[in-house]
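# Observations on chain architecture
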Amino acid sequence: MASGHRLLLENARQAVLVSARGERFLAGDAARELAVLQDASLVVGADGFIKAIGSADAIQKQFSGETFEERIDCSGKCILPGLVDAHTHPVWAGERVHEFAMKLAGASYMDIHQAGGGINFTVERTRQASEEELFCSLQQRLQCMLRAGTTLVECKSGYGLSLKEELKMLRVIERARRELPVGISATYCGAHSVPRGKTALEAADDIINNHLPTLEELGRRGEMHIDNIDVFCEEGVFDLDCTRRILQGGKEMGLQINFHGDELHPMKAAELGAELGARAVSHLEEVSDTGITAMAKAGCSAVLLPTTAYMLRLKQPRARKMLEEGVIVALGSDFNPNAHCFAMPMVMHLACVNLRMSMPEALAAATINAAYALGKSHTHGSLEVGKQGDFIIVNASRWEHLIYQFGCHHELIEYVIVKGKVIYKK
């Protein structure tokens with residue numbers, strides 16, 4: 001269907017463009033006031049990309065007499081860009097609800113980790129699960145994320161640790177990328193934990209000498225597309241030197257650096273990220289002032305995870321300081337067996353209340369800046385001509401209701417649209 005257009009969204013009370021001048025991210029003052037059109041309509045072409053956006057009257061004139069596969073009347077409603085979740089661990093077997101009870105009783109994350117729980121528990125269960133079982137659970141989880149408005153999601157491996165098991169997880173992510181409607185940014189996270197029976201140094205050598213060359217070869221053959229490389233840089237896991245070597249190895253084969261840093265202890269991970277030209281560093285609860293300055297200067301985004309700080313009762317990351325210094329602040333759900341949350345509207349609400357972000361800052365962080373953290377803000381994260389037609393339609397007179405009405409996103413989100421096609425309708 002080359003002639004005609006895929007979708008017309010008409011008469012929206014508000015269309016939240018987020019950015020309107022081709023910005024790749026919003027930092028500092030730019031994140032405090034988003035571009036919003038009142039009484040707007042929007043057209044998606046047959047190719048799934050945005051063809052036009054403007055006042056309802058102007059769009060009606062410009063496209064009168066043209067055909068659309070689908071028209072949606074958005075009277076009284078708001079159109080927002082599809083949400084982007086910049087940090088998830090969605091492929092695993094074996095739930096850890098029993099550990100939540102332990103945490104509530106006072107056990108720390110590292111207490112549980114050192115007693116063989118945490119990541120180690122999930123690794124055992126994930127190794128026992130078949131590829132098909134892992135795919136089915138991933139499909140269900142991604143569907144939950146879609147219904148909560150997420151149209152682009154970063155998906156990590158990291159519960160396999162051995163090359164064979166990491167490849168199993170990455171094949172599951174690759175299959176999801178090919179078969180499911182949600183956009184996926186795939187992350188190799190073989191350095192998520194030190195496998196039993198190895199030292200961190202031995203694990204790092206194995207990753208550099210065996211894992212990365214295998215992934216490079218699979219990429220060359222077109223069997224697997226991986227976007228990012230991740231390491232858990234933490235005391236008792238991978239130190240700064242091991243982290244640097246692994247990330248450098250990934251960078252040399254063309255992967256974007258996007259790693260866990262400064263979560264439980266100050267590790268100078270932010271400084272390392274800035275030095276290596278990382279796309280993003282996640283967590284940053286314990287980041288130093290010099291780390292914040294270095295990230296701002298290097299254009300390295302901070303992926304903040306309010307759910308994790310909330311559920312583990314950690315110190316909250318210093319979002320205000322980062323925003324004031326000009327750091328590109330993004331958000332992620334950190335969905336994993338330790339922090340079970342699918343919903344970016346809830347993440348944005350926690351970011352506003354606990355991290356003291358404003359609602360425009362939180363929405364920018366969950367759209368254009370999260371897309372930037374994944375190297376995809378040229379195609380995702382805002383409503384602009386030429387970008388992919390990913391939207392949510394919210395049944396409210398103002399877009400802020402999506403953040404303000406805590407836990408009510410299922411009532412508010414009427415449509416989720418990917419490439420101009422309705423994927424979910426309430």
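Residues numbered from 1 in each chain as written. Predicted model: local features only at pLDDT ≥ 70, side-chain atom pairs only at ≥ 80, totals over all residues. Heavy atoms only, no water.

Turning to the nonpolar core, a few remarks are in order. Counting 109 residues, the largest nonpolar core has L142 and F238 as the members making the most contacts within it. In terms of domain composition, this core takes at least three residues from each of domain 1 (5-81 + 382-425) and domain 2 (83-374). With 17 residues, the next largest nonpolar core counts L17, A40, I393 and Y415 among its residues. (Core = buried A, V, L, I, M, F, W, Y, C linked by side-chain atoms within 4.5 Å. Buried < 20%, exposed > 50% of the residue type's maximum accessible area, 1.4 Å probe, protein only. Domains from an automatic or database assignment.)

Attention now goes to the side chain of S382. Mapped onto the elements, S382 comes out in the loop between α15 (368-373) and β14 (391-394). For S382, a relative accessible area of 2% puts it in the buried group. A distance of 3.5 Å separates polar atoms of two side chains, one belonging to S382 and the other to S19. At a separation of 2.6 Å, a polar atom in the side chain of S382 contacts the side chain of E384. Dropping the residues within four chain positions of it, S382 is found in contact with L17, V18, S19, I50, P81, I368 and K387. (Helix = DSSP H or I, 4+ residues; strand = E, 2+ residues; numbered from the N terminus. Polar contact = N/O pair within 3.5 Å; in protein donor to acceptor, adjacent residues only side chain to side chain. Contact = heavy atoms within 4.5 Å.)

So, about the sheet that holds strand β12 (residues 301-304). Taken in spatial order, the eight strands make up an open sheet running β6-β7-β8-β9-β10-β11-β12-β13, and their pairing is parallel. Single-partner strands in this sheet number two, and they are β6 (83-85) and β13 (329-331). Sheet twist, expressed as the mean angle between neighbouring strand axes with direction ignored, is 25°. Judged from the three bridges that link them, β12 and β13 form a sheet pairing that is parallel. Residue pairing in the sheet places V303 in a bridge with A330 of β13. Against the sheet, helix α5 (residues 131-147) makes contact with β7 (150-156) and β8 (183-191), and its axis sits at roughly 145° relative to β7, the strand it touches most. Of the strands in this sheet, β7 and β8 touch helix α6 (residues 163-179), which is tilted by about 175° from β8. (Pairing = 2+ DSSP bridges. Axes fitted to C-alpha atoms, helices over the stretch in contact; angles between N-to-C directions.)

The next point concerns the UniProt feature "domain: Amidohydrolase-related" (unreviewed entry) in the chain. UniProt marks residues 79-422 with the feature "domain: Amidohydrolase-related" (unreviewed entry), using the numbering shown here. From the first C-alpha to the last, residues 79-422 spans 13 Å; its make-up is 45% helix and 16% strand. (UniProt positions renumbered as here; feature names shortened; annotations may be inferred.)

For strand β1 (residues 5-18), the buried fraction is high: twelve of the 14 residues fall into the buried class. Taken together, the five bridges between β1 and strand β4 (residues 68-73) define a ladder with parallel strand orientation. Its bridge partner lying in β4, E10 is registered against D73. Sheet topology note: the β1/strand β2 (residues 35-45) ladder contains nine bridges and is antiparallel. Its bridge partner lying in β2, V16 is registered against V36. Pairing geometry for β1 and strand β5 (residues 78-81), over two bridges, is parallel. Looking across to β5, one finds that Q14 is bridged to C78.

Going through the model one piece at a time under the given rule, you end up with two cavities of 30 Å³ or more. Taken together, 14 residues make up the lining of the largest cavity; nearest its centre are Y109, H192, D334, N336 and N338. Here the lining of the largest cavity is composed, by residue class, of four nonpolar, seven polar and three charged. In this model, the second largest cavity occupies a volume close to 40 Å³. Residue classes in the lining of the second largest cavity are distributed as one nonpolar, six polar and one charged. (1 Å grid on protein atoms, 1.4 Å probe; cavity = no way out; pocket = protein on both sides within 12 Å on 5 of 7 lines; lining within 4 Å. Points joined across faces, edges and corners; volume = space filled by probe spheres on them. Nonpolar A, V, L, I, M, F, W, Y, C, P; charged D, E, K, R; others polar.)

For the rest of this paragraph, the subject is the pairing of strand β10 (residues 256-261). With respect to burial, β10 is a largely interior element, six of its six residues being buried. By the alternation rule, side chains of β10 split into Q256, N258 and H260 and I257, F259 and G261, which are all buried. With two bridges connecting them, strand β9 (residues 228-231) and β10 associate as parallel partners. In the sheet register, N228 faces β10, and the bridge partner there is Q256. This β-α-β element, β9 to helix α8 (residues 240-252) to β10, shows right-handed connectivity. As paired strands, β10 and strand β11 (residues 280-283) are joined by four bridges and run parallel to one another. Bridge pairing in β11 places G261 opposite H283. Between the parallel pair β10 and β11, the chain is carried across by helix α9 (residues 269-276), and the sense of this crossover is right-handed. (Right-handed = clockwise from strand over helix to strand, strands pointing away.)

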